[in-house]
Amino acid sequence: MKLVSRAGPRTQQTIEQLWDHAERYRRFYELADPPPWLLRIAEHRGLLEAAKAGDGEETCRLLALHYAGTVVEIVHHADSSVPLTALRAVLKKFAGTDRLPAPTAG
C-alpha cells in the first residue's frame, strides 16, 4: 500500500478493495511448494530499490511485470491454455513489452 500512498483516496480505496478480494489467490501462493513468492524475491528487491530511488516510471514498470507474473502463475496452474491477451495489452502499456513472464513453479 505504500507504493500507492500518493495515488489519491479513490485509487487507494480501489486498490485496497482489490487486495481484499485477492485473498483466495494469495492462499494459492501459501500452499504451493515451493511457494512462487519465495522464488520471486529478486522482483520484490527491485521494486523496493526503484521506489526508494524515487523512480516512479521504473517502479510502475516493475510492478506491472510483477503482477503479471502473479497472474501467469495462477492461470498456469488453473488452465495453462488461456491466452492472456488482455494481460499482454496491459503489459505493453505499462511495462513496454507484451512478453509474459514465465511461470516459476512446476
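Going by the structure above, here's the rest.
Counting starts from 1 at the beginning of each chain's written sequence and moves along it residue by residue. In keeping with the model being predicted, local features are shown solely for residues with a pLDDT of at least 70 and side-chain atom pairs are shown and tallied solely at 80 or more, while totals for entire chains, interfaces and linings include all residues. Values reported for side chains reflect all heavy atoms of the structure, with hydrogen atoms and water molecules removed beforehand.

J.: For this particular structure, what's the right way to read the overall build of the protein?
T.: Going along the chain from the N terminus, every DSSP run of H or I of four or more residues is numbered as a helix, and every run of E of two or more is numbered as a strand. Across its full length, the protein carries 6 helices and 0 strands. Counting from the amino terminus, the protein carries its helices and strands in the arrangement α-α-α-α-α-α. By its C-alpha atoms, the protein is 35 × 30 × 25 Å across when sized along the principal axes. Each residue gets one of three labels from its accessible area relative to the maximum for its type: buried under 20%, exposed over 50%, partly exposed in between, using a 1.4 Å probe on protein chains only. The 106 residues of the protein split such that 23% are buried.

J.: Before we go on, may I ask you to explain unusual backbone geometry in this structure?
T.: Backbone phi values are negative for most residues with the exception of glycine, while trans is the configuration of most peptide bonds. Positive phi outside glycine occurs at Leu-84, with the angle close to 55°. Relative to the elements of secondary structure, Leu-84 occurs in the loop between helix H5 (56-79) and helix H6 (85-95).

J.: Please explain helix H4 (residues 41-52) as it appears in this structure.
T.: Because each turn of an α-helix spans 3.6 residues, side chains separated by three or four positions end up pointing in the same direction. Take the number of residues in a helix, subtract one, and multiply by 1.5 Å to get its expected span. Here H4 contains 12 residues, and its C-alpha end-to-end distance of 17 Å stays within 8% of the 16 Å for a straight helix at 1.5 Å per residue. Positive phi appears at Gly-54, one or two residues downstream of H4, with a value of about 75°.

J.: Would you mind showing me how to read the side chain of His-66 here?
T.: Within the fold, His-66 resides in helix H5. Only heavy atoms enter the contact rule, under which two residues are in contact if any of them lie within 4.5 Å. In contact with His-66, not counting residues within four places along its chain, are Arg-40, Glu-43, His-44 and Leu-47.

J.: Would you mind going over the pattern of salt bridges with me for this structure?
T.: A pair is scored as a salt bridge if a Lys or Arg side-chain nitrogen falls within 4 Å of a carboxyl oxygen belonging to Asp or Glu. Under the definition given, this model contains 2 salt bridges. Glu-43 is the partner of Arg-40 in a salt bridge, and the nearest nitrogen-oxygen pair spans 2.9 Å. Between Glu-58 and Arg-61 there is a salt bridge, with its nearest N and O atoms 2.9 Å apart. Highlighted residues: Glu-58 and Arg-61, both in helix H5, separated by 3 residues, approximately one helical turn. For Glu-58, a relative accessible area of 27% puts it in the partly exposed group. Residue classification places Arg-61 among the partly exposed positions, given a relative accessible area of 29%.

J.: In this structure, what is going on with the packing of H4 against H5? I would like to understand it.
T.: Axis angle and axis distance: for two packed helices, these are the angle between their axes and the distance between the axes, and together they describe the pair. Where helices are involved, their axes are fitted lines through C-alpha atoms of the stretch in contact, as for all axes, and angles between N-to-C directions lie from 0 to 180°. In contact at an axis separation of 8 Å, H4 and H5 are set at 160° when each is read in the N-to-C sense. As judged from the angle between their axes, H4 and H5 are roughly antiparallel. The interaxial crossing formed by H4 with H5 has left-handed handedness. Between H4, through Glu-43, His-44, Gly-46, Leu-47, Ala-50 and Ala-51, and H5, the contact on the second element is made entirely by Glu-58, Thr-59, Leu-62, Leu-63 and His-66. Polar here means any residue outside two lists: the nonpolar Ala, Val, Leu, Ile, Met, Phe, Trp, Tyr, Cys and Pro, and the charged Asp, Glu, Lys and Arg; Gly therefore counts as polar. Tallied by class, residues from the contact of H4 with H5 come to 5 nonpolar, 4 polar and 2 charged. Our angle categories are set so that under 35 degrees counts as roughly parallel, over 145 as roughly antiparallel, 65 to 115 as roughly perpendicular, and the remainder as oblique. In this scheme the handedness of a crossing depends on how the near helix is turned from the far one: anticlockwise by less than a right angle means left-handed, clockwise means right-handed.

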